[in-house]
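Architecture at a glance
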Amino acid sequence: MNPYVLATLLSSLGLGTTLTFASSHWLLAWMGLEINTLAIVPLMAQHHHPRAVEATTKYFLTQATAAAVILFASTTNAWITGEWNMTNMSNPTATTMILAALALKIGLAPMHFWMPEVLQGLDLLTGLILSTWQKLAPLTLIIQTAQAFDPLLLTTLGLMSALIGGWGGLNQTQLRKILAYSSIAHMGWMIIVLQYAPQLTLLALFMYILMTSAAFLTLKLLSTTKVNTLATIWSKNPVLTTTAALILLSLGGLPPLTGFMPKWFILQELAKQDLPLTATVMALAALISLYFYLRLCYTMTLTISPNITTSITPWRTQTTQASLPLALFTVMALGLLPITPAMIMLIS
């Protein structure tokens, strides 16, 4: 892709998200979401592969549907209340419609069906943008309007996403689909605690972005998208294989890795709010997710692949990929648990 076009598209992505961040008016927020969608569509379709074009079409249709519902619901709310301000969401029908549309935008269950299919058709870097940056604007709107939503609806969305995100990833052989289901499960964790402690939602989002970025960049450096090719990488790059396994365990939420911190805080908050059953279901959903992360780690580190690796001997090839971002994200995805006391001070 032409670097000028790429720069324009990336700056439009940034502009769309920033516009949504800064707006308190529904039309401006909607405009930001639309700029965001239109900026990522050419990035998704740039390879002209039938799968990429199919994924782009699916993504565009779901995002356009969600944007239309947001516009309709905010217009209905403005018609009833007389103002476009986000803080004045008094109409329950409009509020529910907006939550459904934003849930569709970020891929919360049961509006998650597009997410694995779309991510499967993209290359790893575009998939990384879709899994991290594209979640920011809709999640900001959900956080800003959280007090207007029905608490039972938010809890249902959170529980369903955590369970379906764990359940859906169990029988997958494609790494991008596994990461898509991982994303759905993490979104569930963010939504479940939103009504009680929005700062924990932000913390979970930040940690999720760190861990997912590290996972995608590792897979990019290893040039692997299937589970069975993971079994051949330990001989090529043992250090990267070790860190990749730890990153996956961090995504699963095992101590003493970074991913344990947000889950620990969220379960603690749910227990504090006298919701032991919800906390138990969320913890069990995390166990289901942990199973498929462990499966990947087992394949990577404890099995020898029966198929002959057809790649060029790695010690004779020089990689041209930048490894500094990967190193930074890996360190943060593995070693931030000791800053937990500082986080407790910040969020309490």
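Since this is a predicted model, take the numbers as computed values, not measurements. (Residues numbered from 1 in each chain as written. Predicted model: local features only at pLDDT ≥ 70, side-chain atom pairs only at ≥ 80, totals over all residues. Heavy atoms only, no water.)

1. A look at the overall build of the protein
In terms of regular secondary structure, the protein is built from 16 helices and 0 strands. Compactness check: the protein gives a C-alpha radius of gyration of 20 Å against a globular reference of 20 Å for 348 residues, within 12% of the reference. Each principal axis of the C-alpha atoms in the protein carries an extent, and together these give about 70 × 50 × 35 Å. The 348 residues of the protein split such that 51% are buried. Restricting the contact set of the protein to residue pairs at least 6 apart, pairs at least 24 apart contribute 78%. Surface exposure of the protein reaches about 15700 Å², of which carbon and sulfur atoms provide 71%. Placing the 13 positive and 8 negative side-chain charges of the protein at their respective mean positions leaves the two points 19 Å apart. (Helix = DSSP H or I, 4+ residues; strand = E, 2+ residues; numbered from the N terminus. Rg over C-alpha atoms; globule rule 2.2 N^0.38 Å. Buried < 20%, exposed > 50% of the residue type's maximum accessible area, 1.4 Å probe, protein only. Contact = heavy atoms within 4.5 Å. Areas by Shrake-Rupley, 256 points an atom, 1.4 Å probe, with all protein chains shown as cover. Lys, Arg positive; Asp, Glu negative; His and termini not counted. Charge placed at Lys NZ, Arg CZ, Asp CG, Glu CD.)

2. Some thoughts on helix 6 (residues 124-131)
With 6 of 8 residues buried, helix 6 is to be regarded as a mostly interior element. Buried within helix 6 we find Leu124, Thr126, Gly127, Leu128, Leu130 and Ser131. Along its buried surface, helix 6 packs onto helix 2 (26-45), helix 3 (50-81), helix 5 (114-120), helix 7 (133-144), helix 9 (175-192) and helix 10 (198-222).

3. Topic: the UniProt feature "transmembrane region" (unreviewed entry) in the protein
Under the feature "transmembrane region" (unreviewed entry), the UniProt entry names residues 60-82, 94-115, 152-171, 178-197, 203-222, 275-294 and 326-347. For residues 178-197, helix accounts for 75% and strand for 0%, while the C-alpha atoms at its two ends are 28 Å apart. Between the first and last C-alpha atoms of residues 326-347 the distance is 28 Å; the span itself is 82% helix and 0% strand. (UniProt positions renumbered as here; feature names shortened; annotations may be inferred.)

4. A few points about helix 10
With 25 residues, helix 10 should reach 36 Å at 1.5 Å per residue; the first-to-last C-alpha distance of 36 Å fits that figure. When you tally the buried positions in helix 10, you get 18 out of 25 residues, the bulk of the element. The positive-phi residue at the C-terminal boundary of helix 10 is Ser223, with phi of around 50°. (Expected span 1.5 Å × (residues − 1).)

5. Quick notes on empty space enclosed by the protein
If a probe as big as a water molecule is rolled over the atoms, it shows which places are left empty. Within this structure, the stated rule accounts for 5 cavities of 30 Å³ or more. There is about 100 Å³ of room inside the largest cavity. Forming the boundary of the largest cavity are Leu175, Ile178, Leu179, Ala215, Thr218, Leu219, Leu230, Ala244, Ile247, Leu248, Leu296 and Met300. Among the elements of the structure, helix 9, helix 10, helix 12 (238-252) and helix 14 (276-302) are those that each provide at least two residues to the lining of the largest cavity. If you add up the space inside the second largest cavity, you get close to 70 Å³. Around the second largest cavity, the lining residues are His186, Trp189, Met190, Ala204, Met207, Tyr208, Met211, Gly259, Pro262, Lys263 and Ile266. (1 Å grid on protein atoms, 1.4 Å probe; cavity = no way out; pocket = protein on both sides within 12 Å on 5 of 7 lines; lining within 4 Å. Points joined across faces, edges and corners; volume = space filled by probe spheres on them.)

6. As for unusual backbone geometry
That bond from Ala109 to Pro110 is cis: its omega, 5°, falls within 30 degrees of zero. Its place among the elements puts Pro110 in the loop between helix 4 (92-106) and helix 5. Of note, the amide linkage connecting Pro255 to Pro256 takes the cis form, showing an omega dihedral of 5°. Phi is positive for His48, which is not a glycine, with a value near 55°.

7. Notes on the pattern of salt bridges
Per the counting criterion, the structure on display carries 3 salt bridges. Note that Glu54 is salt-bridged to Lys58, the shortest N-O span being 2.9 Å. Of this pair, Glu54 and Lys58 are both found in helix 3, 4 residues apart, which corresponds to roughly one turn of the helix. On the basis of relative accessible area, Glu54 is assigned to the partly exposed category, the value being 42%. By relative accessible area, Lys58 is classed as partly exposed at 29%. As a salt-bridge pair, Glu117 and Lys177 come within 3.6 Å of each other at their nearest N and O atoms. With a gap of 60 residues between them, Glu117 in helix 5 and Lys177 in helix 9 connect regions that are remote in the sequence. Judged by relative accessible area, which is 17%, Lys177 ranks as buried. (Salt bridge = Lys/Arg side-chain N within 4 Å of Asp/Glu carboxyl O.)

8. Quick notes on the nonpolar core
Of all hydrophobic cores here, the largest spans 102 residues; its most connected members are Trp26, Val118 and Ile191. Of all the elements, helix 10 adds the most residues to this core, at 14 residues. Residue assignment places this core across two domains, with domain 1 (1-149) and domain 2 (157-309 + 320-347) each supplying three or more. The contact partners of Trp26, leaving out residues within four places of it in the chain, are Ile70, Ser74, Trp84, Asn85, Met86, Met89, Ile98, Leu141 and Thr145. (Core = buried A, V, L, I, M, F, W, Y, C linked by side-chain atoms within 4.5 Å. Domains from an automatic or database assignment.)

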